[in-house]
Amino acid sequence: MVKNQLAEKYCDSLEKNLFKGLDRESILKYEYFFSSIPKDLIKDENEFLETFKSSVKSICSYEFSESNEKELKSFLKAYLKTKSNTPKTKVEVINPTPINTAIIPVFR
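Note that the structure is predicted; figures quoted are calculated from it, not measured.

Rules of the game
- Residues numbered from 1 in each chain as written.
- Predicted model: local features only at pLDDT ≥ 70, side-chain atom pairs only at ≥ 80, totals over all residues.
- Heavy atoms only, no water.
- Disulfide = S-S within 2.5 Å.
- Helix = DSSP H or I, 4+ residues; strand = E, 2+ residues; numbered from the N terminus.
- Buried < 20%, exposed > 50% of the residue type's maximum accessible area, 1.4 Å probe, protein only.
- Contact = heavy atoms within 4.5 Å.
- Salt bridge = Lys/Arg side-chain N within 4 Å of Asp/Glu carboxyl O.

This part covers the state of the cysteines. This structure, assessed with the given rule, holds one disulfide. One disulfide bridge connects cysteine 11 with cysteine 60, the sulfur atoms lying 2.2 Å from each other. Handedness here is read from the sign of the S-S torsion; for cysteine 11 and cysteine 60, about -65 degrees, the answer is left-handed. Of this pair, cysteine 11 sits in helix 1 (residues 2-15) while cysteine 60 sits in helix 3 (residues 45-60), and the two are 49 residues apart along the sequence.

The next point concerns the environment of leucine 18. With respect to the secondary-structure elements, leucine 18 resides in the loop between helix 1 and helix 2 (26-34). Under the relative-accessibility criterion, leucine 18 is labelled partly exposed at 41%. Along the primary structure leucine 18 and lysine 29 are separated by eleven residues, whereas in three dimensions their C-alpha atoms are 8.8 Å apart. Excluding anything up to four places from it in sequence, leucine 18 contacts Ser13 and Tyr32.

A few words now on the pattern of salt bridges. Any two side chains of opposite charge can pair if their charged atoms end up close together. This structure, assessed with the given rule, holds six salt bridges. When the shortest N-O distance is used, the salt bridge between lysine 77 and glutamate 45 registers 3.3 Å. Of the two residues, lysine 77 is situated in helix 4 (residues 66-85) and glutamate 45 in helix 3; the sequence distance between them amounts to 32 residues. Measuring nitrogen to oxygen at the nearest pair gives 3.7 Å for the salt bridge that ties lysine 73 to glutamate 69. Placement of both lysine 73 and glutamate 69 in helix 4 is noted, with a separation of four residues, approximately one turn of the helix. When its relative accessible area of 33% is taken as the criterion, lysine 73 is described as partly exposed. A single salt-bridge network, built from bridges that share partners, covers Glu50, Lys53, Glu69 and Lys73.

All we've got here are geometric facts, nothing functional implied.
Structure representation (structure tokens):
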């Protein structure tokens, strides 16, 4: 499901020429796509890439060139490495005390 959404987002960006002129800015280009991927989605990098490319091809008939595929692979590797090295913060659930609206002062 998320993979198809990612492919749709990719096709939409191609249709709108969102990254025209950013050929040397792959970080900006691919950060836009991969930043929304849940950390546990990609278990096998090669399988993910093949599924992604196939989805893009079926949605908008776009064929990745060899250079685009190489760029995509290198960014995905770097992105996954960065994501896995990012420190995780544990967030505890806090139950705030409900506010009794009858005791909130009203200034007139």
